[in-house]
Amino acid sequence: MPEIRFSQSVSARLEDGVLVVTIDNPPVNALSAHVRSGLVAALDHAASLPAIAGVILTGAGSTFIGGADIKEFGKPPVEPMLPEVIDRIESFDKPVVSAVNGAALGGGCEIVLGCHGRIAGEKASFGLPEVKLGIVPGAGGTQRLPRLIGQVAAIDLIGTGRAVKAGEAVTLGLADGIATHPVVAAIALVHECAEKPLRRTGMIRVPPTDPAAVSAAEAKVLARARGQSAPAEAVRLVKAAGELNLRQGLAEERATFLRLRDSGESAALRHVFFAERAAGKVEGLDKVSPRKIVTVAVVGTGLMGSGIAVAALTSGHRVIALEQTQEAAASGRARIAETLDRTVRSGRLTADGRDDCLARLQTTAQAADLAKADLVIEAVFDDLEVKTDLFRRLDGIVTPGAILATNTSYLDPDAIAAATADPSRVVGLHFFSPANVMRLVEVVDCTKTSPDALASVLAFVKRLGKLPVVCGVTEGFIGNRIFSAYRREAEFMLEDGALPQEIDAALEAYGFPMGIFAVNDMAGLEIAWARRKRQAATRDPAARYVEIADRLCEAGRLGRKSGRGWYAYPHGERTIDPEVTAAIEAARAAKNITPRSFTPSEIMSRLLKAMVDEGTALIAEEIAARPGDIDLVMINGYGFPPHKGGPMFAAQQSKDPVS
Ligand code: T1G
């Protein structure tokens, strides 16, 4: 039968007595207005065909439906709205079955829930990730999902926003089966459903649930919410599904969704969503074809090097890990294997997966073994001589097409590149530790880096499942430069009258998991101290300089691992130390500063201003390409609360706040 078109993105054909409706709205089949109107038109058409057994909904391409069209948020609503479309599906008088060919997320999963049957393709996934956007499902997800899979599982999925693959979906009762050809299987299911009363999800009673299990699931979700309101609202709505009838529950859910959709928290998280997709995009680079990176060499298997090796292994690469001696290589292998075992224990890797990783790992003390590498990442001691000497040696070992990447945090990658025969193949890959867990990688586009070397490492970082942010060459790149700026501002406030615990409390109240002084203690004060001593000779004598941290370091207070830093750690836990207060008071007296008190909001506005001023300078100097990149670095590398959107977004909001 010829294809019938219902809108620019919705068409159908009749197959074996079933109307097979396909949504084709690249890139992710989002439920834009023309998709919604096309679906309603297709259902109207199906209702006019008495001979058909039922309807199938499926997606073109690799996604079923990626959710509501987030780009429509904030624009005037266009009928039909999604809840109406799903009502039409659920109340249809013949079976409507979804053939889930890929990701069914958000509104896409709600469409699936409104269907009378659900077939999962092998690549299908199901999720209600709305809380990641600061909202809750707005088209029945919190009311229908618990009816299908129970409140405990629904609280987990909706409260965390995690997606489930086909197998778990069938186990949970969210899908009726898995098929290699989901449309074929769905046609059979339509005919099967046509023989019996339709199973309308909204009419199913929420299965009775043990209140203790519900409370435990709720507590788990709230423990991760970290100041965000959407997860708690999602849990409240799933619990309400057990008390309210469907109409009441849908009304309560819709009102909550609309309120949260217009909140600052959701605006911030949507900003982060789109910023992540813009990151790593460099003008003109999309025309450059990246080099193939199959074998990755990692030099140095300490905490950073072994983490990078694990990230490369778990994303399918061959890895050669180089150490200075056979013994060091053996302990490097053991460290990598232990990290892989931890990944298996966390459920993020199967035992077979671990064995496959180990089979692709070679550890060696012979630099000549790196000849096969397509990319070498050095994670050796952060000393310029050590790194330049290594890259000079590698020049004579690796192939001309191999890329050399330095993981340096503070050294000048241009100086390292200059030591090699071909600086165009040198880039910076600044991983954040632990490198197998942290998503962020600052990709340093050195002065002489070639476009295809840059394109190649960007593709590599994305294949690791990480978040690449491109930056130019400056001391500390984006993150550490901003961190230094607001650490400086925090220490100015110490001299002016604030105390470490007040500044840390203000940061934690704002949403940071830990205040800056506690972070300094955890990381150790000696690295920054060494850098300040290195810079002392060239420091601008007119610039304000706070000596408190130097005094603490001179007194051996190097942070948590030395038992004392900005705080004291008598039995491991952090406590305020009168000696530090005394050192701060002495520093004020030495500069005749009369201390004054600071409110938490004043502390935050000064710290945020320091971040934004440095971020603005980084953009002006073309080190950072866009404000969203700076927000992503601060969120993913320095604990900036994502539901505030990052410093640049937060500053923009305070100028023109969301309603
Ligand atoms: N709306 C609009 N654009 C979207 C979109 C969406 N839902 N999802 C992705 N895009 C754009 C994205 O900005 C990028 O654009 C391109 O598609 C490719 O994205 C009623 C209200 C589906 C798993 O939260 O998780 O439904 O940069 O690079 O890696 O209750 O996109 O090319 O211009 O991510 O293949 C809930 C969000 C919405 C899912 C595909 N849904 N999307 O990953 O592609 S709220 C979500 C994703 C909702 C209901 C509520 C992923 C993906 P550009 P991409 P991908």
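Every value quoted in this text rests on a predicted model; they were computed, and no experiment measured them.

Caption draft 1: Here's a closer look at the overall build of the protein. A count of helical and extended segments in the protein gives 26 helices and 19 strands. Considering only C-alpha atoms, the protein reaches an extent of 90 × 60 × 45 Å along its principal axes. Among the 659 residues that make up the protein, the fraction classed as buried is 55%. Taking as baseline every contact in the protein between residues at least 6 positions apart, the subset at least 24 positions apart corresponds to 73%. For the protein, the computed accessible surface area is about 27,500 Å², with 57% contributed by carbon and sulfur atoms. The distance from the centre of the 74 positive side-chain charges to the centre of the 78 negative ones in the protein is 1 Å.

Caption draft 2: Local environment of the site of the ligand. As a structural note, the neighbourhood of the ligand is formed by 26 residues, with Ala 68, Glu 110, Glu 130, Gly 138 and Arg 277 the closest of them. Within the side chain of Lys 71, a nitrogen or oxygen atom sits 3.4 Å from a nitrogen atom of the ligand. At a separation of 2.8 Å, an oxygen atom of the ligand approaches a polar backbone atom of Gly 138. At the level of secondary structure, the elements contributing two or more residues to the shell around the ligand comprise helix 3 (107-114) and helix 11 (264-278). When residues in the shell around the ligand are grouped by element, the largest group, three residues, is from helix 11.

Caption draft 3: Just the sheet that holds strand 16 (residues 403-406), in detail. Taken in spatial order, the eight strands make up an open sheet running 14-13-12-15-16-17-18-19, and their pairing is mixed. Only two strands of the sheet have a single partner each, and these edge strands are strand 14 (361-364) and strand 19 (467-471). Between one strand and the next, the sheet's axes are offset by a mean angle of 25 degrees, whatever the strand orientation. Most of the contacts of helix 13 (residues 326-345) go to strand 14, to which it runs at about 150 degrees, and overall it touches strand 13 (318-322) and strand 14.

Caption draft 4: Expanded view of the UniProt feature "domain: 3-hydroxyacyl-CoA dehydrogenase C-terminal" (unreviewed entry) in the protein. Sequence positions flagged by UniProt for "domain: 3-hydroxyacyl-CoA dehydrogenase C-terminal" (unreviewed entry) are, in local numbering, residues 476-569. Annotated as residues 476-569, this span is 57% helix and 0% strand, and its ends, taken at the C-alpha atoms, are 29 Å apart.

Caption draft 5: Broad picture of the pairing of strand 3 (residues 18-23). Extensive coverage of strand 3 is indicated by the burial of six of its six residues. Neither face of strand 3 is left uncovered, since the one carrying Val 18, Val 20 and Thr 22 and the one carrying Leu 19, Val 21 and Ile 23 both have all their residues buried. Note that strand 2 (residues 10-15) and strand 3 share six bridges and pair antiparallel. Counterpart to Arg 13 in the pairing with strand 3 is Val 20. Remark: two residues form the turn of the hairpin made by strand 2 and strand 3, two consecutive strands paired antiparallel; Asp 16 in that turn has positive phi of roughly 55 degrees. Relative to strand 4 (residues 54-59), strand 3 is paired through six bridges, and the arrangement is parallel. Counted as the bridge partner of Ile 23 is Gly 59 from strand 4. Crossover strand 3 to strand 4 through helix 1 (residues 33-47) is right-handed.

Caption draft 6: Inspection of the packing of aromatic side chains at higher detail. With the rule as written, the count across this model stands at nine aromatic pairs. On the basis of an interplanar angle of 80 degrees and a centroid distance of 5.4 Å, the ring pair of Phe 483 and Tyr 486 is categorised as edge-to-face. Of this pair, Phe 483 and Tyr 486 are both found in helix 18 (residues 479-496), three residues apart, which corresponds to roughly one turn of the helix. Residue Phe 483 is classed as buried on the basis of its relative accessible area, which comes to 13%. One aromatic cluster is present, formed by Phe 432, Phe 483, Tyr 486 and Tyr 638 through successive ring pairs. Over the face of the ring belonging to Tyr 567 we find Arg 574, whose NZ or CZ atom lies 5.3 Å from the ring centre. Just above the ring of Phe 598 sits the side chain of Arg 596; from NZ or CZ to the centre is 4.0 Å.

Caption draft 7: Representation of the nonpolar core within the structure. With 65 residues, the main nonpolar core has Leu 39, Ile 111 and Phe 126 as its most contacted residues. The element best represented in this core is helix 1, accounting for six residues. For Ile 111, the contacting residues outside a window of four places in its chain are Leu 31, Leu 39, Leu 57, Ile 65, Leu 82, Val 85, Ile 86 and Ile 89. Listed in part, the 63 residues of the second largest apolar core include Phe 432, Trp 566, Tyr 567 and Leu 618.

What counts, and where the lines are drawn
Residues numbered from 1 in each chain as written. Predicted model: local features only at pLDDT ≥ 70, side-chain atom pairs only at ≥ 80, totals over all residues. Heavy atoms only, no water. Helix = DSSP H or I, 4+ residues; strand = E, 2+ residues; numbered from the N terminus. Buried < 20%, exposed > 50% of the residue type's maximum accessible area, 1.4 Å probe, protein only. Contact = heavy atoms within 4.5 Å. Areas by Shrake-Rupley, 256 points an atom, 1.4 Å probe, with all protein chains shown as cover. Lys, Arg positive; Asp, Glu negative; His and termini not counted. Charge placed at Lys NZ, Arg CZ, Asp CG, Glu CD. Near = heavy atom within 4 Å. Polar contact = N/O pair within 3.5 Å; in protein donor to acceptor, adjacent residues only side chain to side chain. Pairing = 2+ DSSP bridges. Axes fitted to C-alpha atoms, helices over the stretch in contact; angles between N-to-C directions. UniProt positions renumbered as here; feature names shortened; annotations may be inferred. Right-handed = clockwise from strand over helix to strand, strands pointing away. Phe/Tyr/Trp six-rings, centres within 6.5 Å; stacked < 30°, edge-to-face > 60°. Lys NZ or Arg CZ within 6 Å of the ring centre and 35° of its normal. Core = buried A, V, L, I, M, F, W, Y, C linked by side-chain atoms within 4.5 Å.

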